[in-house]
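# Chains, contacts and geometry: an overview
Each chain is listed here by its residues.
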Amino acid sequence: MMVTTHAAAGLLLAVPVASAAPHLAVPAATGAVLGGVVPDLDLLAGVHRKSLHFPVYYSVLGLLVGVAAAVSPSPVVVAAALFFLAAGLHSVSDWFGAGEELRPWERTSDRAVYLHPRRRWLRPKYVVRYDGAPEDLLLTVGLALPAAVTFDGWLRALVVAGVALAAVYTLFRKRVPEWLGV
Ligand SMILES: [Zn+2]
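Every value quoted in this text rests on a predicted model; they were computed, and no experiment measured them. (Residues numbered from 1 in each chain as written. Predicted model: local features only at pLDDT ≥ 70, side-chain atom pairs only at ≥ 80, totals over all residues. Heavy atoms only, no water.)

## A look at the overall build of the protein chain
- Secondary structure assignment for the protein chain yields seven helices and two strands.
- The helix and strand sequence of the protein chain, counted from the amino end, reads α-α-α-α-β-β-α-α-α.
- Relative to its length of 182 residues, the protein chain is compact, with a C-alpha radius of gyration of 16 Å against a globular reference of 16 Å.
- Within the span of the protein chain, comprising 182 residues, buried residues form 45% of the whole.
- For the protein chain, restricting intrachain contacts to residue pairs at least 6 apart in sequence, the fraction spanning at least 24 positions comes to 67%.
- Accessible surface, the protein chain: about 9,300 Å² in total, of which carbon and sulfur atoms supply 70%.
- Side chains of the protein chain give 15 positive and 12 negative charges; the mean places of these two sets differ by 6 Å. (Helix = DSSP H or I, 4+ residues; strand = E, 2+ residues; numbered from the N terminus. Rg over C-alpha atoms; globule rule 2.2 N^0.38 Å. Buried < 20%, exposed > 50% of the residue type's maximum accessible area, 1.4 Å probe, protein only. Contact = heavy atoms within 4.5 Å. Areas by Shrake-Rupley, 256 points an atom, 1.4 Å probe, with all protein chains shown as cover. Lys, Arg positive; Asp, Glu negative; His and termini not counted. Charge placed at Lys NZ, Arg CZ, Asp CG, Glu CD.)

Following this line, the structure appears as structure tokens:
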């Protein structure tokens, strides 16, 4: 799935927090967006879908810090809870996409995301056929809508920019490997 889909899914988790406690909207949204984006930084260094993808550990941490945030809702704890929950959701949902190859529509990779506690790769489920597929864009738009309505100012602008970026990426996705020269 596209990084914008993961960011939008994270933001969806921040929507109820922002509605219940508007003064926590910015820390919740910031933590959520970072949690949606950070796992994919292992595209740049390390092993993609393994080095910064932790389906189990992020999720468990997210639940623990989430409980702490419910007990003592300071901005830092709320941001940390949303970060880990969004990063966990990102890592788990990559399982439902394609493998970690550059041309995922070819389906030659059986590595969707690494399951650290079991020391093995999960096989892709292809519910979303590849990152930048039309259904992926649809997911970004659908998941981002509540956030676009809930947040305002620069946060809303960020959501709109993310959706626009996703649309452009979807349009040109299949040319990306060519442009990268591989
Ligand atoms: Zn990912």
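## Notes on the pattern of salt bridges
- Under the criterion given, the structure shown has five salt bridges.
- Notably, a salt bridge pairs Asp110 with Arg123, separated by 3.5 Å at the nearest N-O pair. Highlighted residues: Asp110 in the loop between helix 4 (75-94) and strand 1 (113-115) and Arg123 in the loop between strand 2 (120-122) and helix 5 (134-150), separated in sequence by 13 residues.
- Given a relative accessible area of 58%, Arg123 falls into the exposed group. (Salt bridge = Lys/Arg side-chain N within 4 Å of Asp/Glu carboxyl O.)

## Quick word on helix 6 (residues 153-172)
- Here helix 6 spans 29 Å end to end across 20 residues, near enough to the 28 Å set by a 1.5 Å rise per residue.
- Among the residues making up helix 6, those that are buried are Leu155, Val159, Gly162, Ala166 and Thr170. The arc enclosing the buried residues of helix 6, seen along the axis, measures out at 65°, which places them on a common side. Residues of helix 6 that are exposed and point over 90 degrees away from its buried face: Gly153, Trp154, Val160, Leu165 and Leu171. (Expected span 1.5 Å × (residues − 1). Arc of directions from axis to C-beta.)

## Considerations on the coordination of the zinc ion
- With distances of 2.0 to 2.3 Å, the protein atoms coordinating the zinc ion are Asp40 (OD), His53 (NE2), His90 (NE2) and Asp94 (OD).
- Coordination at the zinc ion is irregular, judged from the four donor atoms that bind it and the angles of 89 to 166° they form at the metal.
- All donors of the zinc ion come from a single chain, and their spacing in sequence reads D-x12-H-x36-H-x3-D. Residue Asp40 is located in the loop between helix 2 (25-37) and helix 3 (55-71), and its partner His90 is located in helix 4; the two are separated by 50 residues in the primary sequence.
- Residue His90 is classed as buried on the basis of its relative accessible area, which comes to 1%. (Donors = N, O, S within 2.8 Å, 3.2 Å for Na, K, Ca; no water. Tetrahedral: all angles 85-135°; square planar, octahedral: opposite > 155°, others 65-115°.)

## Let's talk about the UniProt feature "transmembrane region" (unreviewed entry) in the protein chain
- The UniProt record annotates "transmembrane region" (unreviewed entry) at residues 60-86 and 153-172.
- The distance separating the terminal C-alpha atoms of residues 60-86 is 12 Å; by composition the span is 89% helix and 0% strand. (UniProt positions renumbered as here; feature names shortened; annotations may be inferred.)

## As for a nonpolar patch on the surface
- Nonpolar side chains collect at one region of the surface, where Val3, Val37, Leu41, Leu43 and Leu44 lie side by side and expose about 460 Å² of accessible area between them.
- With respect to the element layout, Leu44 can be found in the loop between helix 2 and helix 3. (Patch = residues over 30% accessible without salt bridge, like charges linked within 9 Å, V, L, I, M, F, W, Y side chains within 5 Å.)

## Some details on unusual backbone geometry
- Residues other than glycine seldom take positive phi values, yet Arg49 does so here, at roughly 70°.
- Following the sequence through the fold, Arg49 ends up in the loop between helix 2 and helix 3.
- Classification of Arg49 as buried rests on a relative accessible area of 7%.
- In the Ramachandran plot, Arg107 falls in the positive-phi region, its phi being about 55° despite a non-glycine side chain.
- Note that Arg107 resides in the loop between helix 4 and strand 1.
- A relative accessible area of 43% means that Arg107 is categorised as partly exposed.

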